[in-house]
Amino acid sequence: MFTGKKAFAAFAVAYTAVIIGLTITGSTFYAAAAALFGSLFLYMIIAFLMRTRTAGDFYVAGRSIGAIPIGSSIASNWMSGASFVSMAGTIALLGFDGMPYILGWTLGYCIAAFMIAPFIRKSGTYTVPEFIETRASNWPIARVTAVTMLIIISFTYLVAQLVATGVIVGRFLGVPAIFGAVLASAIVAIFAGTGGWKSIVWVNVAQYWILIVAYWVAFLGAAYVAGIFAPWPHFGYGDLLSQLEANEIANGLTAFTEPFVKAFGGGTGHANWLLSALCLMLGTVGLPHVLSQFYLVKNVRTARYGVGWGLTFIALLYVTAPVYAILARHAFSGVWGMPIDQALDLSWIQKWIPTGLIKLTDLNGDGLIQPPELSFHNDIVVVGMPDMFGLPWFFAAIVAIGGLAAALSTANGLIMVMAVGATRDIYKRFINPETTERREIWIGRGMVVLLSVLSGIFGALALQDQTFSTYVALLVGWAFVFAAASFTPVVILGIFWKGLNRYGLVAGMVCGMAIALPYVIGVGLMGVAPVTVMGNKIGTLAWGTIAFSANLLFSVLVSIATGGKRANKPETIKFVEELKTPE
């Protein structure tokens, strides 16, 4: 009978042998496909080995995860396909104006890590809706409202991950992107259904190290070819940036680092830029699949160290994304002034033109490529980096494996928080409180399958709409809008202000979402003109800060109007006080 170590060893040997054998025969495409799908089998093995039969393991991994593993899991669960595939490309397209993604997400994580994580773990609850109900003096309406918000946030985010997965698999293997989205939903159902959070957290650990290695392998290879090891790419890319900006200015373009000149998140201007960064920061604090990770650790001390490790692991990707952007724009600028026939003969141009991620059009008919005649999609920056710099075929395979890991890792957590919300927060809490632990787990597994099927369908539909499949990062950003509008204010007030009561808590969440959701649908999907304030167009991301502020204000005013702290039960006040009592 195989032990865990023997199973891993047998798989590793077979995996390596198949890839080497296919490479020797010259079948590099099949070798790359085997490498990609082999990574999925690796995750399945981990999920199977970590399978569980107890509700505690299914819901909170037995509260047994250490600091470094939870740091890895948080990093992979939070750094989605948008971070891996689209963020560097967004910076390459927008320059300085794309920085809210890095600034907002990083600062938001710091707030979540040091201000929220320890208290969430100290609460002793299993889920964010359970925490909210407890804080609302055990008012069932608060829990139902929280589950509704959780599903809106998580489903929006999940569709984006399935779109990213479809894009990666489709472009890498030459199959329809819809196939990739459906495949991803099926794989995630296996991960989550096998052992709940216990399986997912260890799959996420493996996926983090795979995605970060993949991200860095392509980056270091391109940096070596570009000659920016002086002594390290993060320190040596300044000269490359100076050359790039001089070339852009000489060709009549705006310099890469020129601020506040490009649209971001559907809006323009200083106010839109600042409000968008704030929204991404505030939304991070309220993401349920990130908050849920804090329930899995051994104790509060582990939560504090775990989030520190998580920030370190996240930084490995985030400090590298701007360098990726510079390298990509440098590669694109090398085509400027080149005869169009010569440009079309470049191997990486030939490979990526059929995908539509890069376009060459001789607009003025002079036979030369001018900067406006070369356009690119942000997804090409990471997935196309190996081809731009002539790296061997296996670099592209590694990047695809990393991108798939990034998208799946976030999808794992999103499916799980929705399944737990439907099972523990609805079924067990309201429908069948006396259910057995065994039945509870099987209901949870059934919800995982159901949600996977539904998300796969919506992911496939989204891929048929170019608005969704083109702007993965923006779609992810909308999940942050909804999180900032609903959970973030009440979680912060619930921890730090005893005056928040059940009425203010629920009123705030409903008010925030009622302001955010119609604006995102109207402006983001239906083409309604955004609100303009003093010449600044307020995009969908920036609007999240408006919705957050409304939630915060409404929560405070309604709480004060309905008795404030006096309306809370004594056990609720004790709960808040114990959250901040050191262990």
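Residues numbered from 1 in each chain as written. Predicted model: local features only at pLDDT ≥ 70, side-chain atom pairs only at ≥ 80, totals over all residues. Heavy atoms only, no water.

Okay, the overall build of the protein chain next. Regarding its fold elements, the protein chain presents 26 helices and 4 strands. Against the compact-globule benchmark of 25 Å for 583 residues, the protein chain has a radius of gyration of 24 Å, which places it among compact chains. Structurally, the protein chain occupies a C-alpha span of about 75 × 70 × 45 Å along its principal axes. Residues counted as buried form 59% of the 583 residues belonging to the protein chain. The contacts in the protein chain between residues at least 6 apart in sequence include a share of 82% that link residues at least 24 apart. With 32 positive and 24 negative side-chain charges, the protein chain shows a separation of 18 Å between the mean positions of the two kinds. (Helix = DSSP H or I, 4+ residues; strand = E, 2+ residues; numbered from the N terminus. Rg over C-alpha atoms; globule rule 2.2 N^0.38 Å. Buried < 20%, exposed > 50% of the residue type's maximum accessible area, 1.4 Å probe, protein only. Contact = heavy atoms within 4.5 Å. Lys, Arg positive; Asp, Glu negative; His and termini not counted. Charge placed at Lys NZ, Arg CZ, Asp CG, Glu CD.)

As a further point, take the packing of helix H5 (residues 81–94) against helix H6 (residues 100–122). One way to put it is that H5 packs onto H6 with a least axis distance of 9 Å and a crossing angle of 130 degrees. One element, H5, and the other, H6, form an angle in the oblique class. Listed contacts from H6 to Ser-83, Met-87, Thr-90 and Ile-91 of H5 are Tyr-101, Ile-102 and Trp-105. For the contact of H5 with H6, the residue count by class is 5 nonpolar, 2 polar and no charged. (Axes fitted to C-alpha atoms, helices over the stretch in contact; angles between N-to-C directions. Parallel < 35°, antiparallel > 145°, perpendicular 65-115°, else oblique. Nonpolar A, V, L, I, M, F, W, Y, C, P; charged D, E, K, R; others polar.)

Right, let's get into the pattern of salt bridges. Pairing between side chains becomes possible if they bear opposite charge and their charged atoms approach one another. The tally for this structure, following the rule as stated, stands at 11 salt bridges. The shortest N-O distance in the salt bridge between Arg-143 and Glu-133 comes to 2.6 Å. Residue Arg-143 is found in helix H8 (residues 140–173), and its partner Glu-133 is found in helix H7 (residues 128–135); the two are separated by 10 residues along the sequence. The class of Arg-143 is buried, set by a relative accessible area of 6%. What makes Glu-133 buried here is its relative accessible area of 4%. (Salt bridge = Lys/Arg side-chain N within 4 Å of Asp/Glu carboxyl O.)

What follows concerns helix H26 (residues 570–579). The periodicity of an α-helix, 3.6 residues per turn, causes residues three or four positions apart to be oriented the same way. Among all positions of H26, only Thr-572, Ile-573, Phe-575, Val-576 and Leu-579 are buried. Buried residues along H26 cover an arc of 155 degrees about the axis, so they all sit on one side. (Arc of directions from axis to C-beta.)

With that settled, the discussion passes to the side chain of Thr-302. If you trace the backbone, Thr-302 turns up in helix H14 (residues 300–318). Of the polar contacts made by the side chain of Thr-302, one reaches the side chain of Asn-299; its length is 2.7 Å. Excluding its chain neighbours within four sequence positions, the residues that come into contact with Thr-302 are Ile-65, Gly-66, Ala-67 and Val-297. (Polar contact = N/O pair within 3.5 Å; in protein donor to acceptor, adjacent residues only side chain to side chain.)

Here the focus is unusual backbone geometry. The general pattern is negative phi for most residues beyond glycine and trans for most peptide bonds. Cis geometry marks the peptide bond from Ala-230 to Pro-231; its omega dihedral reads -5 degrees. The backbone phi angle of Asn-138 is positive, close to 60 degrees, even though this residue is not glycine. Relative to the elements of secondary structure, Asn-138 occurs in the loop between H7 and H8. Within the chain, Phe-260 stands out as a residue other than glycine whose phi angle is a positive 60 degrees. Within the secondary structure, Phe-260 is located in the loop between helix H11 (238–250) and helix H12 (269–286).

Before going further, it helps to spend a moment on the confidence of the model for the protein chain. Predicted confidence across the protein chain gives a mean pLDDT of 84, with 93% of residues reaching 70 or more. Of all secondary-structure elements in the protein chain, the lowest mean pLDDT belongs to helix H22 (residues 466–470), at 52, while helix H25 (residues 540–561) reaches the highest, 95. (pLDDT = per-residue confidence, 0-100.)

Below, the discussion takes up the packing of aromatic side chains. Within the structure shown, the criterion is met by 26 aromatic pairs. Judged by centre distance (5.2 Å) and plane angle (65 degrees), the rings of Phe-84 and Tyr-215 are edge-to-face. On the criterion of sequence distance, the pair formed by Phe-84 in helix H5 and Tyr-215 in helix H9 (residues 177–226) is long-range, its members being 131 residues apart. Exposure class is identical for Phe-84 and Tyr-215. Each is buried. Pairing Tyr-519 with Trp-543 gives two aromatic rings, centres 4.0 Å apart and planes at 10 degrees, and the pair type is stacked. With Tyr-519 in helix H24 (residues 502–525) and Trp-543 in helix H25, the pair connects residues that are 24 residues apart, well separated along the chain. Judged by relative accessible area, which is 9%, Tyr-519 ranks as buried. Put simply, the rings of Phe-84, Tyr-215, Trp-216, Phe-219, Phe-229, Trp-232 and Tyr-324 pair up and form one aromatic cluster. In this structure, Arg-424 packs its charged tip against the face of Tyr-126, placed 4.0 Å from the ring centre. (Phe/Tyr/Trp six-rings, centres within 6.5 Å; stacked < 30°, edge-to-face > 60°. Lys NZ or Arg CZ within 6 Å of the ring centre and 35° of its normal.)

For Ile-102, the location among the structural elements is in helix H6. As a C-alpha pair, Ile-102 and Leu-280 span 178 residues in sequence and 9.1 Å in three-dimensional space. In this structure, Ile-102 is in contact with Met-87, Ile-91, Tyr-318, Ala-321 and Pro-322, ignoring residues within four places of it in sequence.

Attention shifts here to the packing of H5 against helix H15 (residues 321–333). Packed helices, taken two at a time, are described by the angle their axes make and the gap between the axes. Two elements in contact, H5 and H15, have axes separated by 8 Å at closest approach and are oriented at 55 degrees. Between H5 and H15, the angle is such that the two are oblique. Once H5 is placed against H15, the crossing between them reads as right-handed. Only Ala-321, Pro-322, Tyr-324, Ala-325 and Arg-329 of H15 make contact with H5, whose side of the interface consists of Met-87, Ala-88, Ile-91, Ala-92 and Leu-93. Grouping the amino acids of the contact of H5 with H15 by side-chain chemistry returns 9 nonpolar, no polar and 1 charged. (Left-handed = near helix turned anticlockwise from the far one by under 90°.)

In this section: the nonpolar core. Judged by nonpolar contacts, the single largest core of 172 residues is most densely connected at Trp-78, Phe-84 and Ile-132. Here this core gets 20 residues from one element, more than from any other, and that element is H9. Excluding anything up to four places from it in sequence, Ile-132 contacts Ala-142, Ala-146, Phe-487, Val-490, Leu-505 and Met-509. Leu-275, Ile-538, Ala-542 and Trp-543 belong to the second largest nonpolar core, which has 6 residues in total. (Core = buried A, V, L, I, M, F, W, Y, C linked by side-chain atoms within 4.5 Å.)

Looking now at a nonpolar patch on the surface. A grouping of Val-449, Leu-450, Val-453, Leu-454, Ile-457, Phe-458 and Leu-461 is seen on the molecular surface, where their side chains present a nonpolar patch of about 610 Å² in accessible area. For Phe-458, a relative accessible area of 43% gives the class partly exposed. (Patch = residues over 30% accessible without salt bridge, like charges linked within 9 Å, V, L, I, M, F, W, Y side chains within 5 Å. Areas by Shrake-Rupley, 256 points an atom, 1.4 Å probe, with all protein chains shown as cover.)

Along the chain, Thr-156 turns up in helix H8. A residue is classified by how much of its surface remains accessible, and Thr-156, at 16% relative accessible area, is buried. The contacts of Thr-156, once residues within four sequence positions are left out, are Leu-475, Trp-478, Ala-479 and Phe-482.

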